[in-house]
Amino acid sequence: MRHPAIHVDPPKGRLGVLLVGLGAVSTTFIAGVQAVRCGLAAPVGSLAQMGTIRLGKRTEQRTPRISEFVQLAALEDLEFGAWDIFPEDAYESAATAGVLEPALLQKLREPLAAIRPMPAVFDRRYVKRLDGPNVKQGHDKRDLIEQLRTDIREFARTRRTDRLVMLWCGSTEVYCSEAPAHHSLVAFERAIDANDPVICPSMMYAYAALKENVPFVNAAPNLTVDTRALLQLANEQHVPVAGKDLKTGQTLLKTIIAPGLKARLLGVSGWYSTNILGNRDGEVLDDPESFRTKEVSKKGVLDHILQPQLYQQLYGDICHQVQINYYPPRGDNKEGWDNIDLFGWLNYPMQLKINFLCRDSILAAPLVLDLALFMDFAQRAHRSGIQEWLSFYFKSPMHAPGLYPEHDLFIQLKKLKNTLRYLRGEELVTHLGAEYYG
Ligand SMILES: NC(=O)c1ccc[n+]([C@@H]2O[C@H](COP(=O)([O-])OP(=O)(O)OC[C@H]3O[C@@H](n4cnc5c(N)ncnc54)[C@H](O)[C@@H]3O)[C@@H](O)[C@H]2O)c1
């Protein structure tokens with residue numbers, strides 16, 4: 001069935017991309033966009049840039065690129081800004097992160113060196129393994145939020161941007177569960193004024209963004225914008241939000257393999273996952289309180305895909321363990337091992353071993369690009385609140401209360417493409433296929 005197309009404002013002028021945290025992910029993303037702009041590389045891994053979308057029936061042969069089908073901001077029109085607790089510019093920070101080769105960074109030196117981080121809102125109680133000098137001084141939380149709001153407005157004015165998006169690419173904060181102060185906007189604002197510790201720095205950035213009508217994405221597992229209070233603000237301000245925690249290495253594979261095992265009704269008795277990682281993110285996650293935030297995000301995935309409550313005999317007794325070990329020699333090149341103990345016909349046991357030698361920020365950077373472009377598109381399409389169609393990008397997709405999150409990568413991709421078809425007034429693809437057979 002076709003729907004009338006939704007009006008989407010054209011991507012006129014420049015899009016400012018504000019990054020909280022100018023570390024490995026952010027600098028690899030910015031450097032990658034600059035490299036693509038200069039014709040040094042293709043945007044590999046970006047659905048928004050390289051993906052296609054089938055329209056109409058299979059016989060119609062209409063498969064445009066997504067970037068042509070929906071009007072996304074052009075890479076030439078992106079302007080970057082950032083906050084970080086370290087004062088190094090994006091060139092120096094990328095060199096420290098050690099993800100990209102020095103020869104490539106040298107070619108991109110000028111545009112990267114021009115990006116200097118603004119002083120951050122930071123508090124060591126929330127990221128215990130880090131400390132840095134580029135931090136705002138303020139009387140209280142309200143004052144710090146006002147300073148962030150001024151930064152946002154000044155960035156838009158001085159860079160002459162027409163639209164903005166903000167992405168939290170900062171370190172993983174210590175675990176924080178939803179407190180009464182997060183239950184409503186009134187309670188949240190009261191907690192800001194009382195300097196309540198349940199208002200974490202990431203929430204202050206999210207609040208500042210939403211108050212300035214800037215779409216907000218959370219690339220880390222922190223609670224941040226995933227509270228009733230900030231969702232209320234996003235809806236009141238008509239601003240889209242998305243999160244949490246980019247789905248890159250091991251969890252990406254988990255959400256590819258687990259739906260396959262489930263589709264064939266193969267049982268799983270255990271799934272043991274371990275990683276070694278030597279970048280700054282690995283160092284932060286070496287703190288048990290930050291790891292707890294990550295662990296919750298990583299462990300939820302299997303339960304939702306395998307549905308043990310419906311498939312008790314197959315998945316009711318699964319032992320799922322996840323570990324991350326900080327191992328500096330590997331830098332950003334993460335190594336993940338998975339051992340899956342599965343069973344088949346007559347309960348005969350089998351094993352599957354996966355050894356993924358991946359590159360954390362190389363996998364994350366194209367997701368940051370897609371999220372910046374799709375969130376800008378969502379705002380131009382006048383959408384607000386949780387953008388569940390962007391679950392494709394996250395380990396812990398935000399979802400409406402009462403729903404379970406959709407983790408299966410292929411369902412997530414269908415949801416994303418059908419949302420684009422819907423917004424453009426194209427027929428949804430259901431894969432029923434009845435029209436081809438008399
Ligand atoms: N790389 C991946 O595959 C991946 C996947 C999922 C999630 N993530 C998450 O993305 C985030 C960034 O990862 P990364 O590898 O770039 O880490 P990183 O340590 O290299 O960079 C994070 C940066 O954030 C800064 N920071 C911390 N608190 C801040 C604050 N309050 N304000 C401003 N800056 C602040 C730090 O100084 C640091 O430079 C982490 O939370 C990580 O868990 C990464």
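See the structure printed just above.
First, a word on what this report is: a plain description of the structure on this page. Treat the numbers as computed from the prediction; the structure is a model and nothing was measured.

1. Comments concerning the sheet that holds strand 7 (residues 267-277)
Consideration 1: Reading across the sheet, the four strands line up as 8-7-9-10 and stay open at both edges, with mixed pairing between neighbours. A strand with exactly one partner marks an edge of an open sheet, and here the two such strands are strand 8 (319-326) and strand 10 (349-357). Each adjacent strand pair in this sheet contributes to an overall mean axis angle of 10 degrees, direction not counted.
Consideration 2: The sheet contact formed by strand 7 and strand 9 (residues 335-343) spans nine bridges and is antiparallel. Along strand 9, the bridge assignment pairs Ser-273 with Asp-338.

2. Topic: the sheet that holds strand 6 (residues 240-242)
Consideration 1: One open sheet accounts for seven strands, arranged 3-2-1-4-5-6-11; its pairing is parallel. On the outer flanks of this sheet lie strand 3 (118-119) and strand 11 (385-386), each paired with one strand and no other.
Consideration 2: Bridge count for strand 1 (residues 15-20) against strand 4 (residues 163-168) is six bridges, and the pairing is parallel. Residue pairing for strand 4: Leu-18 is matched across the bridge by Met-166.
Consideration 3: Along the sheet face, helix 1 (residues 24-37) touches strand 1 and strand 2 (78-84) and points at about 160 degrees away from the line of strand 2.
Consideration 4: Seen against the sheet, helix 7 (residues 141-158) touches strand 1, strand 2, strand 3 and strand 4 and runs at an angle of roughly 155 degrees to strand 2.

3. A word on the side chain of Ser-273
Consideration 1: Summarising the element assignment, Ser-273 is placed in strand 7.
Consideration 2: Judged by its relative accessible area of 0%, Ser-273 falls in the buried class.
Consideration 3: A distance of 2.9 Å separates polar atoms of two side chains, one belonging to Ser-273 and the other to Lys-254.
Consideration 4: Setting aside anything within four residues of it in sequence, one finds Ser-273 in contact with Gln-250, Lys-254, Gln-321, Val-322, Gln-323, Trp-337 and Asp-338.

4. Observations regarding the state of the cysteines
By definition, a disulfide links two cysteine residues through a covalent bond between their sulfur atoms.
Consideration 1: Here the structure, examined in full by the defined rule, presents zero disulfides.
Consideration 2: Cys-176 takes part in no disulfide bond, and the closest cysteine sulfur, belonging to Cys-200, lies 4.0 Å away.
Consideration 3: Take Cys-176: its relative accessible area is 18%, and that puts it in the buried class.

5. Examining the pairing of strand 4
Consideration 1: With six of its six residues buried, strand 4 lies for the most part within the structure.
Consideration 2: Two elements, strand 4 and strand 5 (residues 216-218), share three bridges in a ladder whose sense is parallel. Following the sheet pairing, Trp-168 is matched in strand 5 by Asn-218.

6. Overview of helix 11 (residues 250-263)
Consideration 1: Compared with an ideal rise of 1.5 Å per residue, which puts 14 residues at 20 Å, helix 11 spans 20 Å between its outermost C-alpha atoms and is within 8% of the ideal.
Consideration 2: If you check which residues of helix 11 are buried, you get Gln-250, Thr-251, Leu-253, Lys-254, Thr-255, Ala-258, Pro-259, Leu-261 and Lys-262.
Consideration 3: In the segment just after helix 11, Leu-265 is the residue with positive phi, at about 55 degrees.

7. Some thoughts on the pattern of salt bridges
Consideration 1: Under the definition given, this model contains 20 salt bridges.
Consideration 2: In this structure, the salt-bridge partner of Lys-395 is Asp-245, at a minimum N-O distance of 3.5 Å. Note that Lys-395 is positioned in the loop between strand 11 and helix 16 (409-423) and Asp-245 in the loop between strand 6 and helix 11, a separation of 150 residues in sequence.
Consideration 3: Connected via shared salt-bridge partners are Arg-14, Glu-79 and Arg-159.

Rules of the game
- Each chain carries its own residue numbering, running from 1 in the direction its sequence is written.
- Where local features are concerned, this predicted model is filtered to residues with pLDDT of at least 70; where side-chain atom pairs are given and counted, the filter is 80 or more; whole-chain, interface and lining totals use all residues.
- Note that the side-chain values use all heavy atoms of the structure and ignore hydrogens as well as water.
- DSSP calls a pair of strands paired once it identifies at least 2 bridges connecting them.
- Secondary structure counts use DSSP, requiring at least four H or I residues in a row for a helix and at least two E residues in a row for a strand, with both numbered from the N terminus.
- Axis lines are fitted through C-alpha atoms, for helices just across the contact stretch, and the angle between N-to-C directions can take any value from 0 to 180 degrees.
- Whether two residues are in contact is decided by their heavy atoms, any of which lying within 4.5 Å being enough.
- Think of it in three bands: residues with accessible area under 20% of the maximum for their type are buried, residues over 50% are exposed, and the middle band is partly exposed, with areas taken using a 1.4 Å probe on protein chains only.
- Here a polar contact is recorded for every N or O atom pair within 3.5 Å, except that within protein the pair must consist of a potential hydrogen donor and a potential acceptor, and residues adjacent in sequence are included only if both atoms are side-chain atoms.
- Any two cysteine sulfur atoms within 2.5 Å of one another count as a disulfide.
- What a helix should span is 1.5 Å times the count of its residues minus one.
- Salt bridge, as used here: a side-chain nitrogen of Lys or Arg that lies within 4 Å of a carboxyl oxygen of Asp or Glu.

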